[in-house]
Amino acid sequence: MNDDRIFLHDMKNMLGIIIGFSNLLLEGMPEEDPHRGDVDEIRLAAEGAIALLARWSQANLDRVKGDTR
Amino acid sequence: MSPLEHQTVTELPRATSLGKVLVVDDVSANVDLLNTLLSREGYTVLTASDGQQALEIVAREHPDLVLMDVMMPKLNGFGVCEQIKQNKATRLTPVVLITALCKREDRIQGINAGADDFLIKPINIHELTARARSLIRLKRYTDDLDTAESVIVSLALVIEARDAYTDGHCNRLADYATALGSALGLGNEDVAALYRGGYLHDVGKVGIPDAVLLKSGRLTQEEYKAIQQHPVIGDRLCGELRSLRRVRPIVRHHHERLDGTGYPDRLTGDDIPLLAQIMGIVDVYDAITTERPYKPAVRSDRAFEELMDEVKQGWRRRDLVEEFIRLMQLTRRPAIDTP
Ligand SMILES: [Fe+2]
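Keep in mind the model is a prediction, meaning the values are calculated, not measured. (Residues numbered from 1 in each chain as written. Chains lettered and ligands numbered in written order. Predicted model: local features only at pLDDT ≥ 70, side-chain atom pairs only at ≥ 80, totals over all residues. Heavy atoms only, no water.)

Trainee: Is there a simple way to explain the packing of helix α8 (residues 169-183) of chain B against helix α9 (residues 188-200) of chain B in this structure?
Mentor: Axes are the key here: two packed helices are described by the angle between their axes and the distance separating the axes. Residues and elements named next belong to chain B. Closest axis-to-axis distance for the α8/α9 pair is 7 Å, and the angle between their directions is 160 degrees. In terms of orientation, α8 and α9 fall into the roughly antiparallel class. For the pair α8 and α9, the sense of crossing is right-handed. The segment α8 lies against α9, with C170, N171, L173, A174, A177, T178, G181 and S182 engaging V191, L194, Y195, G198 and Y199. Looking at the contact of α8 with α9, its residues break down into eight nonpolar, five polar and no charged. (Axes fitted to C-alpha atoms, helices over the stretch in contact; angles between N-to-C directions. Helix = DSSP H or I, 4+ residues; strand = E, 2+ residues; numbered from the N terminus. Parallel < 35°, antiparallel > 145°, perpendicular 65-115°, else oblique. Left-handed = near helix turned anticlockwise from the far one by under 90°. Contact = heavy atoms within 4.5 Å. Nonpolar A, V, L, I, M, F, W, Y, C, P; charged D, E, K, R; others polar.)

Written as C-alpha coordinates, this is what we have:
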(Lines give C-alpha, C1' and ligand atoms only; values in the text may rest on other atoms or scores of the structure.)
Protein backbone atom coordinates (compact mmCIF):
# COMPACT_ATOMS: atom_id res chain seq x y z
CA MET A 1 0.00 0.00 0.00
CA ASN A 2 2.79 2.41 0.94
CA ASP A 3 4.66 1.67 -2.28
CA ASP A 4 1.49 2.52 -4.16
CA ARG A 5 1.31 5.84 -2.42
CA ILE A 6 4.87 6.72 -3.32
CA PHE A 7 4.29 5.68 -6.90
CA LEU A 8 1.11 7.75 -7.06
CA HIS A 9 2.87 10.74 -5.57
CA ASP A 10 5.88 10.61 -7.88
CA MET A 11 3.77 10.00 -10.94
CA LYS A 12 1.47 12.92 -10.21
CA ASN A 13 4.52 15.01 -9.51
CA MET A 14 5.95 14.36 -12.97
CA LEU A 15 2.62 14.93 -14.68
CA GLY A 16 2.18 18.16 -12.73
CA ILE A 17 5.49 19.39 -14.05
CA ILE A 18 4.44 18.60 -17.61
CA ILE A 19 1.15 20.43 -17.16
CA GLY A 20 2.77 23.38 -15.41
CA PHE A 21 5.38 23.96 -18.07
CA SER A 22 2.89 23.40 -20.90
CA ASN A 23 0.73 26.12 -19.38
CA LEU A 24 3.72 28.42 -19.12
CA LEU A 25 4.58 27.80 -22.77
CA LEU A 26 1.00 28.40 -23.85
CA GLU A 27 0.79 31.64 -21.93
CA GLY A 28 3.92 32.92 -23.61
CA MET A 29 2.73 31.99 -27.13
CA PRO A 30 0.82 34.35 -29.40
CA GLU A 31 -2.70 33.14 -30.31
CA GLU A 32 -1.67 32.39 -33.89
CA ASP A 33 1.45 30.38 -33.04
CA PRO A 34 1.36 27.16 -35.12
CA HIS A 35 2.81 25.17 -32.19
CA ARG A 36 -0.01 25.99 -29.80
CA GLY A 37 -1.97 22.91 -30.82
CA ASP A 38 1.04 20.67 -30.19
CA VAL A 39 1.64 22.03 -26.71
CA ASP A 40 -2.06 21.71 -26.02
CA GLU A 41 -1.86 18.01 -26.94
CA ILE A 42 1.00 17.53 -24.47
CA ARG A 43 -0.99 19.18 -21.72
CA LEU A 44 -4.19 17.28 -22.50
CA ALA A 45 -2.32 13.97 -22.50
CA ALA A 46 -0.80 14.73 -19.10
CA GLU A 47 -4.22 15.67 -17.75
CA GLY A 48 -5.63 12.46 -19.18
CA ALA A 49 -2.87 10.53 -17.43
CA ILE A 50 -3.74 12.13 -14.10
CA ALA A 51 -7.35 11.13 -14.58
CA LEU A 52 -6.26 7.57 -15.38
CA LEU A 53 -4.09 7.55 -12.29
CA ALA A 54 -7.03 8.61 -10.15
CA ARG A 55 -9.11 5.76 -11.57
CA TRP A 56 -6.29 3.32 -11.00
CA SER A 57 -5.86 4.35 -7.36
CA GLN A 58 -9.61 4.14 -6.74
CA ALA A 59 -9.72 0.64 -8.22
CA ASN A 60 -6.75 -0.30 -6.07
CA LEU A 61 -8.45 1.02 -2.99
CA ASP A 62 -11.58 -0.99 -3.76
CA ARG A 63 -9.49 -4.10 -4.24
CA VAL A 64 -7.71 -3.59 -0.87
CA LYS A 65 -11.07 -3.10 0.84
CA GLY A 66 -12.38 -6.23 -0.84
CA ASP A 67 -9.39 -8.23 0.43
CA THR A 68 -9.88 -7.29 4.05
CA ARG A 69 -13.60 -7.95 4.04
CA MET B 1 12.28 57.25 -29.48
CA SER B 2 12.93 53.82 -30.94
CA PRO B 3 10.67 50.92 -29.94
CA LEU B 4 13.58 49.40 -28.08
CA GLU B 5 14.05 52.43 -25.88
CA HIS B 6 10.38 52.53 -25.19
CA GLN B 7 10.48 48.94 -24.06
CA THR B 8 13.25 49.57 -21.54
CA VAL B 9 11.18 52.34 -20.03
CA THR B 10 8.06 50.26 -19.51
CA GLU B 11 9.92 47.22 -18.29
CA LEU B 12 11.78 48.82 -15.43
CA PRO B 13 12.12 46.32 -12.61
CA ARG B 14 9.52 46.65 -9.90
CA ALA B 15 10.71 48.83 -7.05
CA THR B 16 9.32 46.60 -4.33
CA SER B 17 8.82 42.86 -4.21
CA LEU B 18 5.44 41.50 -3.14
CA GLY B 19 7.30 39.37 -0.63
CA LYS B 20 9.99 36.77 -0.19
CA VAL B 21 8.88 33.20 -0.87
CA LEU B 22 10.97 30.13 -0.09
CA VAL B 23 10.25 27.19 -2.40
CA VAL B 24 11.32 23.76 -1.12
CA ASP B 25 11.20 20.64 -3.27
CA ASP B 26 13.64 17.82 -3.95
CA VAL B 27 12.55 17.64 -7.60
CA SER B 28 14.34 20.49 -9.31
CA ALA B 29 11.82 20.82 -12.15
CA ASN B 30 9.16 21.62 -9.55
CA VAL B 31 11.36 24.28 -7.99
CA ASP B 32 11.95 25.78 -11.44
CA LEU B 33 8.24 25.80 -12.21
CA LEU B 34 7.21 27.52 -8.97
CA ASN B 35 10.15 29.89 -9.25
CA THR B 36 9.07 30.97 -12.74
CA LEU B 37 5.41 31.39 -11.75
CA LEU B 38 6.13 33.37 -8.59
CA SER B 39 8.90 35.58 -10.00
CA ARG B 40 6.61 36.52 -12.83
CA GLU B 41 3.95 37.59 -10.31
CA GLY B 42 6.46 39.87 -8.60
CA TYR B 43 7.69 37.76 -5.69
CA THR B 44 11.31 37.33 -4.70
CA VAL B 45 11.99 33.61 -4.74
CA LEU B 46 14.48 31.64 -2.63
CA THR B 47 14.90 27.93 -3.21
CA ALA B 48 15.98 24.87 -1.25
CA SER B 49 16.21 21.26 -2.34
CA ASP B 50 15.91 19.55 1.03
CA GLY B 51 14.53 20.08 4.51
CA GLN B 52 17.79 20.87 6.25
CA GLN B 53 18.64 23.56 3.73
CA ALA B 54 15.13 24.97 4.08
CA LEU B 55 15.50 25.34 7.85
CA GLU B 56 18.80 27.17 7.41
CA ILE B 57 17.31 29.59 4.89
CA VAL B 58 14.23 30.23 7.03
CA ALA B 59 16.42 31.13 10.01
CA ARG B 60 18.75 33.32 7.97
CA GLU B 61 16.44 35.05 5.48
CA HIS B 62 13.08 35.24 7.28
CA PRO B 63 10.95 34.62 4.19
CA ASP B 64 7.34 35.87 4.19
CA LEU B 65 6.10 32.48 3.08
CA VAL B 66 7.37 28.90 2.75
CA LEU B 67 5.97 26.69 -0.03
CA MET B 68 7.09 23.15 0.59
CA ASP B 69 6.65 19.72 -0.89
CA VAL B 70 5.57 17.13 1.68
CA MET B 71 7.38 14.09 0.36
CA MET B 72 11.10 14.70 0.48
CA PRO B 73 13.91 12.30 1.36
CA LYS B 74 15.47 12.58 4.85
CA LEU B 75 13.53 15.36 6.60
CA ASN B 76 10.04 15.53 5.06
CA GLY B 77 7.75 18.55 4.78
CA PHE B 78 5.84 17.76 7.98
CA GLY B 79 9.10 17.60 9.95
CA VAL B 80 10.41 20.86 8.55
CA CYS B 81 7.08 22.56 9.18
CA GLU B 82 7.05 21.36 12.77
CA GLN B 83 10.53 22.72 13.38
CA ILE B 84 9.67 26.09 11.86
CA LYS B 85 6.59 26.32 14.07
CA GLN B 86 8.38 25.23 17.22
CA ASN B 87 11.08 27.86 16.90
CA LYS B 88 10.03 31.13 18.54
CA ALA B 89 11.88 33.22 15.96
CA THR B 90 10.21 31.59 12.96
CA ARG B 91 6.85 30.33 14.20
CA LEU B 92 4.88 33.14 12.55
CA THR B 93 6.28 32.32 9.11
CA PRO B 94 3.37 30.93 7.11
CA VAL B 95 3.95 27.45 5.69
CA VAL B 96 1.99 26.00 2.78
CA LEU B 97 2.45 22.29 2.24
CA ILE B 98 2.22 20.98 -1.28
CA THR B 99 1.14 17.43 -1.81
CA ALA B 100 0.43 15.30 -4.81
CA LEU B 101 -1.95 13.18 -2.74
CA CYS B 102 -5.14 14.62 -1.36
CA LYS B 103 -5.57 12.13 1.45
CA ARG B 104 -7.34 13.37 4.54
CA GLU B 105 -4.64 11.88 6.83
CA ASP B 106 -2.07 14.05 5.08
CA ARG B 107 -4.06 17.14 5.87
CA ILE B 108 -4.50 16.14 9.48
CA GLN B 109 -0.79 15.39 9.85
CA GLY B 110 -0.06 18.75 8.22
CA ILE B 111 -2.39 20.62 10.54
CA ASN B 112 -0.78 18.89 13.50
CA ALA B 113 2.61 20.01 12.21
CA GLY B 114 1.28 23.56 12.18
CA ALA B 115 0.87 24.07 8.43
CA ASP B 116 -1.11 27.17 7.49
CA ASP B 117 -2.49 25.89 4.22
CA PHE B 118 -2.31 23.16 1.60
CA LEU B 119 -1.99 23.04 -2.15
CA ILE B 120 -2.53 20.00 -4.29
CA LYS B 121 -0.49 19.17 -7.38
CA PRO B 122 -0.86 19.90 -10.21
CA ILE B 123 -0.77 23.45 -8.94
CA ASN B 124 -3.24 25.97 -10.26
CA ILE B 125 -1.49 29.31 -10.65
CA HIS B 126 -4.49 31.38 -9.57
CA GLU B 127 -4.93 29.32 -6.45
CA LEU B 128 -1.22 29.58 -5.72
CA THR B 129 -1.05 33.34 -6.02
CA ALA B 130 -4.31 33.86 -4.13
CA ARG B 131 -3.03 31.83 -1.15
CA ALA B 132 0.38 33.47 -1.29
CA ARG B 133 -1.16 36.91 -1.35
CA SER B 134 -3.48 36.37 1.58
CA LEU B 135 -0.94 34.53 3.76
CA ILE B 136 1.71 37.19 3.18
CA ARG B 137 -0.85 39.84 3.99
CA LEU B 138 -1.69 38.02 7.20
CA LYS B 139 1.98 37.79 8.12
CA ARG B 140 2.47 41.51 7.56
CA TYR B 141 -0.63 42.12 9.63
CA THR B 142 0.56 40.02 12.56
CA ASP B 143 4.06 41.49 12.22
CA ASP B 144 2.83 44.87 13.39
CA LEU B 145 0.19 43.91 15.91
CA ASP B 146 0.61 44.62 19.55
CA THR B 147 1.38 41.46 21.48
CA ALA B 148 -1.99 41.14 23.17
CA GLU B 149 -3.85 41.30 19.89
CA SER B 150 -1.49 38.86 18.21
CA VAL B 151 -2.20 36.41 21.02
CA ILE B 152 -5.91 36.66 20.26
CA VAL B 153 -5.33 36.23 16.53
CA SER B 154 -3.18 33.15 17.10
CA LEU B 155 -5.89 31.86 19.40
CA ALA B 156 -8.38 32.28 16.57
CA LEU B 157 -6.12 30.35 14.22
CA VAL B 158 -5.74 27.57 16.78
CA ILE B 159 -9.50 27.20 16.81
CA GLU B 160 -9.58 27.02 13.06
CA ALA B 161 -6.92 24.31 13.23
CA ARG B 162 -8.96 22.24 15.70
CA ASP B 163 -11.40 21.52 12.94
CA ALA B 164 -9.91 20.26 9.71
CA TYR B 165 -13.06 21.31 7.91
CA THR B 166 -12.82 25.00 8.74
CA ASP B 167 -9.28 25.15 7.41
CA GLY B 168 -8.71 28.48 5.64
CA HIS B 169 -12.14 29.73 6.74
CA CYS B 170 -10.79 32.80 8.60
CA ASN B 171 -8.60 33.73 5.72
CA ARG B 172 -11.42 33.52 3.20
CA LEU B 173 -13.82 35.39 5.46
CA ALA B 174 -11.36 38.26 5.86
CA ASP B 175 -11.08 38.38 2.06
CA TYR B 176 -14.81 38.21 1.33
CA ALA B 177 -15.78 40.67 4.06
CA THR B 178 -13.25 43.33 3.11
CA ALA B 179 -14.18 42.96 -0.56
CA LEU B 180 -17.86 43.46 0.26
CA GLY B 181 -17.11 46.33 2.65
CA SER B 182 -15.03 48.15 0.05
CA ALA B 183 -17.66 47.58 -2.63
CA LEU B 184 -20.25 49.14 -0.30
CA GLY B 185 -18.02 52.19 0.01
CA LEU B 186 -17.18 51.77 3.72
CA GLY B 187 -14.29 53.76 5.15
CA ASN B 188 -10.81 52.39 5.78
CA GLU B 189 -11.34 51.83 9.48
CA ASP B 190 -14.47 49.79 8.88
CA VAL B 191 -12.77 47.71 6.18
CA ALA B 192 -9.85 47.11 8.54
CA ALA B 193 -12.30 46.03 11.25
CA LEU B 194 -13.87 43.57 8.79
CA TYR B 195 -10.43 42.17 8.04
CA ARG B 196 -9.72 41.56 11.71
CA GLY B 197 -13.25 40.37 12.23
CA GLY B 198 -12.67 37.66 9.63
CA TYR B 199 -9.98 36.20 11.83
CA LEU B 200 -11.58 36.87 15.19
CA HIS B 201 -15.32 36.32 14.70
CA ASP B 202 -15.26 32.79 16.12
CA VAL B 203 -12.49 33.27 18.69
CA GLY B 204 -15.05 32.49 21.42
CA LYS B 205 -15.09 28.88 20.26
CA VAL B 206 -12.03 28.31 22.47
CA GLY B 207 -14.56 28.07 25.26
CA ILE B 208 -16.44 25.22 23.60
CA PRO B 209 -15.30 21.64 24.06
CA ASP B 210 -14.10 19.62 21.05
CA ALA B 211 -16.79 17.04 21.70
CA VAL B 212 -19.43 19.64 20.88
CA LEU B 213 -17.58 21.73 18.31
CA LEU B 214 -16.47 18.78 16.19
CA LYS B 215 -19.54 16.62 16.65
CA SER B 216 -20.81 15.38 13.32
CA GLY B 217 -24.18 14.07 14.46
CA ARG B 218 -27.21 16.02 15.65
CA LEU B 219 -26.63 18.41 18.53
CA THR B 220 -28.66 18.16 21.71
CA GLN B 221 -30.41 21.29 22.86
CA GLU B 222 -27.79 21.85 25.54
CA GLU B 223 -24.94 21.46 23.09
CA TYR B 224 -26.61 23.94 20.78
CA LYS B 225 -26.91 26.37 23.67
CA ALA B 226 -23.20 25.95 24.37
CA ILE B 227 -22.34 26.76 20.75
CA GLN B 228 -24.52 29.85 20.92
CA GLN B 229 -22.28 31.17 23.66
CA HIS B 230 -19.30 31.63 21.35
CA PRO B 231 -20.07 35.22 20.32
CA VAL B 232 -20.43 36.20 23.97
CA ILE B 233 -17.19 34.49 25.00
CA GLY B 234 -15.38 36.04 22.02
CA ASP B 235 -16.66 39.50 22.86
CA ARG B 236 -15.39 39.10 26.39
CA LEU B 237 -11.99 37.85 25.17
CA CYS B 238 -11.50 40.94 23.02
CA GLY B 239 -12.39 42.80 26.20
CA GLU B 240 -10.68 46.04 26.84
CA LEU B 241 -8.21 45.96 23.96
CA ARG B 242 -8.46 49.41 22.41
CA SER B 243 -7.32 48.16 19.03
CA LEU B 244 -10.28 45.78 18.87
CA ARG B 245 -13.00 48.29 19.69
CA ARG B 246 -14.44 48.21 16.20
CA VAL B 247 -14.12 44.45 15.91
CA ARG B 248 -16.08 43.54 19.02
CA PRO B 249 -19.56 44.22 17.55
CA ILE B 250 -18.68 41.86 14.68
CA VAL B 251 -17.62 39.14 17.09
CA ARG B 252 -20.71 39.53 19.23
CA HIS B 253 -23.38 39.94 16.57
CA HIS B 254 -22.35 37.92 13.50
CA HIS B 255 -25.10 35.34 14.20
CA GLU B 256 -27.98 37.80 14.62
CA ARG B 257 -30.82 37.85 12.07
CA LEU B 258 -32.96 40.82 11.01
CA ASP B 259 -36.16 39.20 12.31
CA GLY B 260 -34.73 38.66 15.78
CA THR B 261 -34.34 34.87 15.56
CA GLY B 262 -30.55 35.00 15.76
CA TYR B 263 -28.24 34.93 18.77
CA PRO B 264 -26.95 35.91 21.31
CA ASP B 265 -28.96 39.14 21.82
CA ARG B 266 -31.88 38.57 19.43
CA LEU B 267 -31.32 41.99 17.91
CA THR B 268 -33.61 43.05 15.07
CA GLY B 269 -33.23 45.16 11.91
CA ASP B 270 -30.86 48.08 11.99
CA ASP B 271 -29.96 47.37 15.61
CA ILE B 272 -27.62 44.73 14.22
CA PRO B 273 -24.39 46.54 13.43
CA LEU B 274 -23.75 46.72 9.68
CA LEU B 275 -20.29 45.17 9.95
CA ALA B 276 -21.76 42.20 11.82
CA GLN B 277 -24.41 41.78 9.10
CA ILE B 278 -21.69 41.71 6.47
CA MET B 279 -19.74 39.09 8.42
CA GLY B 280 -22.92 37.05 8.85
CA ILE B 281 -23.51 36.91 5.11
CA VAL B 282 -19.98 35.91 4.12
CA ASP B 283 -19.84 33.40 6.99
CA VAL B 284 -22.94 31.64 5.68
CA TYR B 285 -21.60 31.66 2.14
CA ASP B 286 -18.30 30.12 3.17
CA ALA B 287 -19.99 27.52 5.34
CA ILE B 288 -22.19 26.44 2.42
CA THR B 289 -19.43 26.30 -0.16
CA THR B 290 -17.03 24.36 2.06
CA GLU B 291 -17.11 20.67 2.84
CA ARG B 292 -18.26 19.87 6.39
CA PRO B 293 -18.42 16.62 8.38
CA TYR B 294 -22.16 16.47 7.80
CA LYS B 295 -22.26 17.59 4.16
CA PRO B 296 -20.17 17.84 0.98
CA ALA B 297 -19.12 21.17 -0.54
CA VAL B 298 -21.75 22.95 -2.60
CA ARG B 299 -21.28 24.99 -5.77
CA SER B 300 -21.38 28.75 -5.39
CA ASP B 301 -24.61 29.26 -7.37
CA ARG B 302 -26.43 26.97 -4.92
CA ALA B 303 -24.99 29.05 -2.11
CA PHE B 304 -26.30 32.22 -3.76
CA GLU B 305 -29.76 30.68 -3.90
CA GLU B 306 -29.61 29.78 -0.23
CA LEU B 307 -28.54 33.30 0.66
CA MET B 308 -31.47 34.72 -1.32
CA ASP B 309 -33.78 32.31 0.53
CA GLU B 310 -32.51 33.78 3.78
CA VAL B 311 -33.36 37.22 2.42
CA LYS B 312 -36.90 36.06 1.67
CA GLN B 313 -37.21 34.63 5.16
CA GLY B 314 -36.39 38.06 6.52
CA TRP B 315 -33.01 37.16 7.96
CA ARG B 316 -30.69 39.26 5.81
CA ARG B 317 -30.69 42.57 3.99
CA ARG B 318 -31.41 42.13 0.30
CA ASP B 319 -29.13 44.95 -0.86
CA LEU B 320 -26.15 43.50 1.01
CA VAL B 321 -26.70 39.97 -0.26
CA GLU B 322 -27.23 41.12 -3.84
CA GLU B 323 -24.09 43.22 -3.76
CA PHE B 324 -22.13 40.25 -2.39
CA ILE B 325 -23.42 37.93 -5.10
CA ARG B 326 -22.63 40.48 -7.79
CA LEU B 327 -19.13 40.84 -6.42
CA MET B 328 -18.50 37.11 -6.24
CA GLN B 329 -19.70 36.56 -9.79
CA LEU B 330 -17.48 39.39 -10.96
CA THR B 331 -14.33 38.16 -9.29
CA ARG B 332 -14.76 34.47 -9.97
CA ARG B 333 -11.85 33.68 -12.25
CA PRO B 334 -11.75 30.64 -14.50
CA ALA B 335 -9.02 28.15 -13.64
CA ILE B 336 -6.08 28.39 -15.97
CA ASP B 337 -6.18 24.72 -16.88
CA THR B 338 -9.74 24.62 -18.15
CA PRO B 339 -9.58 23.98 -21.88
FE1 LIG C 1 -19.62 32.09 14.51
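Trainee: Would you take a moment to explain the sheet that holds strand β4 (residues 95-99) of chain B for this structure?
Mentor: The strands that make up a sheet are held in pairs by hydrogen bonds between backbone atoms, and each pair lies either parallel or antiparallel. Residues and elements named next belong to chain B. Within the open sheet, the five strands sit side by side as β2-β1-β3-β4-β5. Their pairing is parallel. One side of each edge strand has no neighbouring strand; the edge strands of this open sheet are β2 (44-48) and β5 (117-120). Pairwise comparison of adjacent strand axes, ignoring direction, gives a mean angle of 20 degrees for this sheet. Relative to β4, strand β3 (residues 65-69) runs parallel, the two sharing four bridges. Its bridge partner lying in β4, L67 is registered against V96. In the packing of helix α3 (residues 51-61) onto the sheet, the strands contacted are β1 (20-24), β2 and β3, and the crossing angle to β2 comes to about 145 degrees. In this fold helix α4 (residues 77-86) packs onto β3 and β4, with an angle of close to 175 degrees to the strand it touches most, β4. (Pairing = 2+ DSSP bridges.)

Trainee: Explanation requested: the coordination of the iron ion in the structure shown.
Mentor: Coordination angles at a metal have ideal targets, namely 109.5 degrees for four tetrahedral donors and 90 or 180 degrees for six octahedral donors. Residue and element names in this part refer to chain B. Here the iron ion is held by D202 (OD), H230 (NE2), H254 (NE2) and H255 (NE2), and the distances to it run 2.1 to 2.4 Å. Seen from the iron ion, its four donor atoms lie at angles of 82 to 170 degrees, and the figure they make is irregular. Expressed as a motif, the donor residue spacing for the iron ion is D-x27-H-x23-H-H. Residue D202 is found in the loop between α9 and α10 (210-213), and its partner H255 is found in the loop between α13 (248-253) and α14 (274-289); the two are separated by 53 residues along the sequence. (Donors = N, O, S within 2.8 Å, 3.2 Å for Na, K, Ca; no water. Tetrahedral: all angles 85-135°; square planar, octahedral: opposite > 155°, others 65-115°.)

Trainee: Would you mind showing me how to read the side chain of B:N124 here?
Mentor: Here B:N124 is to be found in the loop between β5 and α6 (125-143). A polar contact is formed between the side chain of B:N124 and the backbone nitrogen of B:H126, at a distance of 2.8 Å. (Polar contact = N/O pair within 3.5 Å; in protein donor to acceptor, adjacent residues only side chain to side chain.)

Trainee: Whenever I open this one, the nonpolar core confuses me. Can you help?
Mentor: One broad trend across soluble globular proteins is that nonpolar side chains are buried collectively. All names here are of chain B. Within the largest apolar cluster, 38 residues are counted, with the highest numbers of intra-cluster contacts made by L194, L200, V282, Y285 and F324. With near-sequence residues (within four places) excluded, Y285 lies in contact with Y176, S300, A303, F304, L307, F324 and M328. Formed by 22 residues, the second largest nonpolar core is a distinct cluster that contains L22, M72, V80 and I111. (Core = buried A, V, L, I, M, F, W, Y, C linked by side-chain atoms within 4.5 Å. Buried < 20%, exposed > 50% of the residue type's maximum accessible area, 1.4 Å probe, protein only.)

Trainee: Before we go on, may I ask you to explain the interface of chain B and chain A in this structure?
Mentor: One frequent convention defines the size of an interface as the accessible area lost when the parts assemble. Facing the 21 residues of chain B at the interface are 17 residues of chain A. Between chain B and chain A, the buried area comes to about 1,800 Å², and carbon and sulfur atoms account for 64% of it. It is B:L33, B:M71 and B:P122 in chain B that bury the most area against chain A; as a group they hold 27% of the surface buried on that side. Along the contact surface separating chain B from chain A lie one salt bridge. Our count for the contact surface shared by chain B and chain A stands at three residue pairs in polar contact (both at pLDDT 80 or more). Every element with two or more residues in the side of chain B that touches chain A is listed here: α2 (28-41) and α5 (104-112) of chain B. When residues of the side of chain B that touches chain A are assigned to their parent elements, the largest contribution, seven residues, is made by α2(B). Classifying every residue of the side of chain B that touches chain A gives eleven nonpolar, two polar and eight charged. (Buried area = accessible area lost by both parts, 1.4 Å probe. Salt bridge = Lys/Arg side-chain N within 4 Å of Asp/Glu carboxyl O.)

Trainee: I keep staring at the environment of B:A287 and nothing clicks. Help me out?
Mentor: Residues and elements named next belong to chain B. Residue placement: A287 occurs in helix α14. The partly exposed category is assigned to A287, whose relative accessible area is 21%. With 114 residues separating them along the chain, A287 and L173 place their C-alpha atoms 10.0 Å apart.

Trainee: Would you mind showing me how to read the pattern of salt bridges here?
Mentor: Once their charged atoms are close, side chains differing in charge can pair, the charge on each being opposite to the other. All names here are of chain B. Here the structure, examined in full by the defined rule, presents 22 salt bridges over all chains. Where D117 meets R131, a salt bridge forms, and the shortest distance between an N and an O atom there is 3.0 Å. In this pair, D117 sits in strand β5 while R131 sits in helix α6, placing the two residues 14 residues apart along the sequence. Owing to a relative accessible area of 8%, D117 belongs among the buried residues under this scheme. Given a relative accessible area of 22%, R131 falls into the partly exposed group. Overlapping salt bridges, with partners in common, bring together D235, R248, R252 and D265 in one network.

Trainee: Sorry if this is basic, but what is going on with the pairing of β4(B) here?
Mentor: All names here are of chain B. Counting buried positions over the five residues of β4 gives five, a clear majority of the element. Side chains of β4 alternate between two faces, with V95, L97 and T99 and V96 and I98 buried alike. The handedness of the β3 to β4 crossover, carried by α4, is right-handed. Bridge count for β4 against β5 is four bridges, and the pairing is parallel. Within β5, the residue paired with V96 across the bridge is D117. (Right-handed = clockwise from strand over helix to strand, strands pointing away.)

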